[in-house]
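Structural overview
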Amino acid sequence: MKTPVRIAVTGAAGQISYALLFRLIAGDLLGPDQPVILHLLETPEARAALDGVAMELDDCAAPLLHDYVLTDSATTAFDAVDLAFLVGARPRIAGMERKDLLEINADIFRTQGRALNERAKRNARILIVGNPANTNALIAWSNAPELGADNFSAMTRLDHNRAVTLLAHRCESPVSAVKGVIVWGNHSNTQFPDLHHASVDGIPALERVGWDWYEQQFIQTVQVRGTAVLQVRGKSSAASAAHAALGHMRDWVLGTPADDWVSMALPGDGSYDVEPGLVFSYPVVVRDGQRHIVRDLSINRFCAERMKQTEAELAAERAVVQHLLGRRTP
Ligand code: NAX
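Residues numbered from 1 in each chain as written. Predicted model: local features only at pLDDT ≥ 70, side-chain atom pairs only at ≥ 80, totals over all residues. Heavy atoms only, no water.

**Thoughts on the overall build of the protein chain**
Within the protein chain, the secondary structure is distributed over 11 helices and 14 strands. Against the globule reference of 20 Å for 330 residues, the protein chain gives a C-alpha radius of gyration of 19 Å, in line with a compact fold. In terms of principal-axis extent, the alpha carbons of the protein chain reach across some 50 × 45 × 40 Å. The 330 residues of the protein chain split such that 53% are buried. Sequence separation of at least 24 residues holds for 73% of the intrachain contacts in the protein chain that already meet a minimum separation of 6. Total accessible area on the protein chain stands at roughly 14,300 Å², and carbon and sulfur atoms take up 50% of it. A distance of 1 Å separates the average location of the 32 positive side-chain charges in the protein chain from that of its 38 negative side-chain charges. (Helix = DSSP H or I, 4+ residues; strand = E, 2+ residues; numbered from the N terminus. Rg over C-alpha atoms; globule rule 2.2 N^0.38 Å. Buried < 20%, exposed > 50% of the residue type's maximum accessible area, 1.4 Å probe, protein only. Contact = heavy atoms within 4.5 Å. Areas by Shrake-Rupley, 256 points an atom, 1.4 Å probe, with all protein chains shown as cover. Lys, Arg positive; Asp, Glu negative; His and termini not counted. Charge placed at Lys NZ, Arg CZ, Asp CG, Glu CD.)

Following this line, the structure appears as structure tokens:
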């Protein structure tokens, strides 16, 4: 039997985790012969709910579930983990300013960054899902000086998947015909879904859909899709978010498809004139376990302006939480 992989999931009693955990024990992430040990982190208040989730994990009698750890301690949760899904975060409630939300979550991700630094495997892959995901990833990374930029990423895969499906539907093609979609920047309304390098059935996407639809409908529809789901479903995206998190992590571990890239937010290196250090979503390929930003794509003025807008928002978020950044302030 293979050695079990240790996977931490925070916010483990929340709705995204409820859609994620049962797929992890079914082998949807690492395959049907890879046992897992789940490290499940929750707040003390949600501990009873977490016990209930654990009862359901037991009731699956899943052969791949080797063991689980239930805890409200970040250091216990991240002990020797190979992979970590940082899903848990505080939601925005009525009357809360965006600045307050940033600070509350920054505090959570500072604590978790320190615990990861202390306990996680040195090659751990850590995916931040909890919002504001990019800035939370920046905080965690900056508080983990013994881990590198390569250990961290934030999720824009759901935005990427939304863009792929919207384009496929418009072209009346299957999603498998779509290649080369990019989501640049922040997981927020300033994200820039870019079709300049995309194709459908091998034909440039912008030729297929026309500029007006792209500029006037596509971009905004992707940007506000989360709100649209919330309005119709009455709850925020959960199963699609869990699916995106699985896809992001699977590609990071096992590699991206040979003929396409994916969107991942990661600590930037100055590529595309984005300030180094901001956690910015780029087109990324993963080969032999190493991720690489896809370089040298042409960027016209239209795209550059939108990339600057989302970069400016990330810089403003960072300014709010500057005092919580760790020793390595990128
Ligand atoms: P829920 O409110 O259902 O679950 C969050 C869970 O996190 C709760 O059980 C809560 O007790 C727990 N939690 C809070 N603070 C914690 C801490 N310090 N340590 C451990 N657990 C903690 O939210 P859910 O719908 O599951 O969403 C989770 C996060 O994902 C939210 O921040 C949400 O905004 C974010 N999303 C991010 C997306 C992305 O694309 N990056 C898309 C989906 C989602 O909106």
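**Structural notes on the packing of aromatic side chains**
Using the criterion set out here, one finds 11 aromatic pairs in the structure. On the basis of an interplanar angle of 70° and a centroid distance of 4.9 Å, the ring pair of W184 and Y272 is categorised as edge-to-face. With W184 in strand β8 (residues 182–184) and Y272 in the loop between β12 (262–267) and β13 (279–287), this residue pair connects regions lying 88 residues apart in the sequence. Taken individually, W184 and Y272 each receive the classification buried, so the pair is uniform in this respect. (Phe/Tyr/Trp six-rings, centres within 6.5 Å; stacked < 30°, edge-to-face > 60°.)

**Structural notes on the pattern of salt bridges**
Per the counting criterion, the structure on display carries 17 salt bridges. In this structure, the salt-bridge partner of K121 is D82, at a minimum N-O distance of 2.7 Å. You can see K121 sitting in the loop between α4 (98–119) and β5 (125–128) and its partner D82 sitting in the loop between α3 (74–77) and β4 (83–86), a full 39 residues away along the chain. When its relative accessible area of 34% is taken as the criterion, K121 is described as partly exposed. The class for D82 is buried, based on a relative accessible area of 18%. As a salt-bridge pair, D201 and R208 come within 3.6 Å of each other at their nearest N and O atoms. (Salt bridge = Lys/Arg side-chain N within 4 Å of Asp/Glu carboxyl O.)

**Concerning the pairing of strand β14 (residues 290–293)**
Only one face of β14 is buried, namely the one carrying R291 and I293, since none of Q290 and H292 on the opposite face is buried. The pairing of β13 with β14 spans four bridges and is classified as antiparallel. Within β14, the residue paired with R287 across the bridge is Q290. (Pairing = 2+ DSSP bridges.)

**A few points about helix α8 (residues 211–223)**
Residue pairs spaced three or four apart in an α-helix point in one direction, given the helix's 3.6 residues per turn. Taking 1.5 Å as the rise per residue, α8 with 13 residues should run 18 Å; its terminal C-alpha atoms sit 17 Å apart, in good agreement. Largest kink in α8: about 30°, centred on Q217. Of the positions making up α8, those classed as buried are W213, Y214, F218, I219, V222 and Q223. Looking at the buried residues of α8, the elements they touch are α6 (157–171), β9 (192–194), α7 (205–209), α9 (225–233) and α11 (301–321). (Expected span 1.5 Å × (residues − 1). Bend = angle between axes of the 7 residues up to and from the residue.)

**Here we look at the side chain of T156**
Assignment of secondary structure puts T156 in the loop between β6 (152–154) and α6. Given a relative accessible area of 0%, T156 falls into the buried group. In terms of polar contacts, T156 uses its side chain to reach the side chain of S281, at 2.8 Å. Discounting chain neighbours no more than four positions away, the residues touching T156 are V183, G185, H187, S263, M264, A265 and S281. (Polar contact = N/O pair within 3.5 Å; in protein donor to acceptor, adjacent residues only side chain to side chain.)

**Overview of the packing of helix α5 (residues 133–142) against α11**
Interaxial distance between α5 and α11 falls to 10 Å at its minimum, and their mutual angle equals 50°. By the angle between their axes, α5 is oblique relative to α11. Judged by the twist between their axes, the crossing of α5 over α11 is right-handed. For the pair α5 and α11, the contacting residues are N134, T135, L138 and I139 in the first and L314, E317, R318 and V321 in the second. Residue composition of the contact of α5 with α11, by class: four nonpolar, two polar and two charged. (Axes fitted to C-alpha atoms, helices over the stretch in contact; angles between N-to-C directions. Parallel < 35°, antiparallel > 145°, perpendicular 65-115°, else oblique. Left-handed = near helix turned anticlockwise from the far one by under 90°. Nonpolar A, V, L, I, M, F, W, Y, C, P; charged D, E, K, R; others polar.)

**What to know about the domain arrangement of the protein chain**
Along its sequence, the protein chain is organised into domain 1 (5–154) and domain 2 (157–318). Each of domain 1 and domain 2 has a C-alpha centre, and the two are 23 Å apart. Every contact between the two is made by 31 residues of domain 1 and, on the other side, 35 residues of domain 2. Buried area between domain 1 and domain 2, both sides added, is near 2,600 Å², and the carbon and sulfur share of it is 62%. Of all residues in domain 1, the largest losses of buried area upon contact with domain 2 belong to Q15, R125 and N134, amounting jointly to 25% of the total for that side. The interface formed by domain 1 and domain 2 contains zero salt bridges. Summed over the shared surface of domain 1 and domain 2, the result is 14 residue pairs in polar contact (both at pLDDT 80 or more). Elements with a contribution of two residues or more to the side of domain 1 that touches domain 2: α1 (15–24), β4, α4, β5, α5 and β6. If one sorts the elements of the side of domain 1 that touches domain 2 by residue count, α1 sits on top with six residues. (Domains from an automatic or database assignment. Buried area = accessible area lost by both parts, 1.4 Å probe.)

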